[in-house]
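What follows is each chain in one-letter form.
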Amino acid sequence: ATEQELKVLEREDASAADVAAALASVEARFGEHVDTQENKLFRELAAQADRAELARLADEVLGAEQLAPTRPRMIAASSPALNKFTSFVEGYLDHVRDAYSHRGVPDDQG
């Protein structure tokens with residue numbers, strides 16, 4: 001649903017009101033998502049997992065972030081296994097492109 005709302009930004013005939021409405025809706029959805037994660041999911045996880053398990057999960061998340069695509073995906077695979085593989089390949093290519101283009105590096109450091 002969020003992707004569809006953001007497509008308004010690509011329309012040449014989108015009015016300022018259309019863009020503002022789409023952005024407000026996306027902002028509200030994002031706020032709900034963050035609220036659900038922080039106030040429900042993370043609290044439930046912390047209540048059910050011990051400190052060692054939480055540390056292991058944190059390491060896995062950091063590893064996944066380092067391999068995840070940094071741009072919108074070019075391919076949406078139909079199977080979970082193929083989806084995981086294409087994400088890995090696209091993520092690797094994105095990180096290589098980011099390194100060469102200094103994407104995400106402040107101007108005074110790149």
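Structure: above.
Reading guide: rules and limits
- Residues numbered from 1 in each chain as written.
- Predicted model: local features only at pLDDT ≥ 70, side-chain atom pairs only at ≥ 80, totals over all residues.
- Heavy atoms only, no water.
- Patch = residues over 30% accessible without salt bridge, like charges linked within 9 Å, V, L, I, M, F, W, Y side chains within 5 Å.
- Areas by Shrake-Rupley, 256 points an atom, 1.4 Å probe, with all protein chains shown as cover.
- Salt bridge = Lys/Arg side-chain N within 4 Å of Asp/Glu carboxyl O.
- Helix = DSSP H or I, 4+ residues; strand = E, 2+ residues; numbered from the N terminus.
- Buried < 20%, exposed > 50% of the residue type's maximum accessible area, 1.4 Å probe, protein only.
- Axes fitted to C-alpha atoms, helices over the stretch in contact; angles between N-to-C directions.
- Parallel < 35°, antiparallel > 145°, perpendicular 65-115°, else oblique.
- Contact = heavy atoms within 4.5 Å.
- Nonpolar A, V, L, I, M, F, W, Y, C, P; charged D, E, K, R; others polar.

Q: For a nonpolar patch on the surface, give the residues involved together with the corresponding values.
A: Taken together, the side chains of L67, L82, F85, F88, V89, Y92, L93, V96 and Y100 define a hydrophobic patch exposed on the protein surface, amounting to about 920 Å² of accessible area. The element best represented in the nonpolar patch is helix 4 (residues 80-101), accounting for eight residues. Along the chain, Y92 turns up in helix 4.

Q: Please provide a residue-by-residue account of the pattern of salt bridges, values included.
A: Scanning the model with the defined rule gives six salt bridges in all. E53 is the salt-bridge partner of R56, the closest N and O atoms lying 2.7 Å from each other. With R56 and E53 both in helix 3 (residues 51-67), this residue pair falls three residues apart, about one helical turn. On the accessibility criterion, E53 (30% relative accessible area) is partly exposed. Here R56 ties to E60 by a salt bridge, and the two come within 2.2 Å at their closest N and O atoms. With R56 and E60 both in helix 3 and four residues apart, the pair spans about one turn of that helix. Overall, the relative accessible area of 38% leaves R56 in the partly exposed class. Beyond isolated ion pairs, a larger network of salt bridges with shared partners links R11, D13 and D18.

Q: Hey, could you go over the packing of helix 3 against helix 4 for me, with residue numbers and the actual values?
A: Two numbers describe how helix 3 lies on helix 4: the axes approach to 7 Å, and their chain directions differ by 70°. Considering the angle they form, helix 3 stands roughly perpendicular to helix 4. Only S87, F88, G91, Y92 and H95 of helix 4 make contact with helix 3, whose side of the interface consists of E65, Q66 and L67. Class assignment of the residues belonging to the contact of helix 3 with helix 4 gives a composition of three nonpolar, four polar and one charged.

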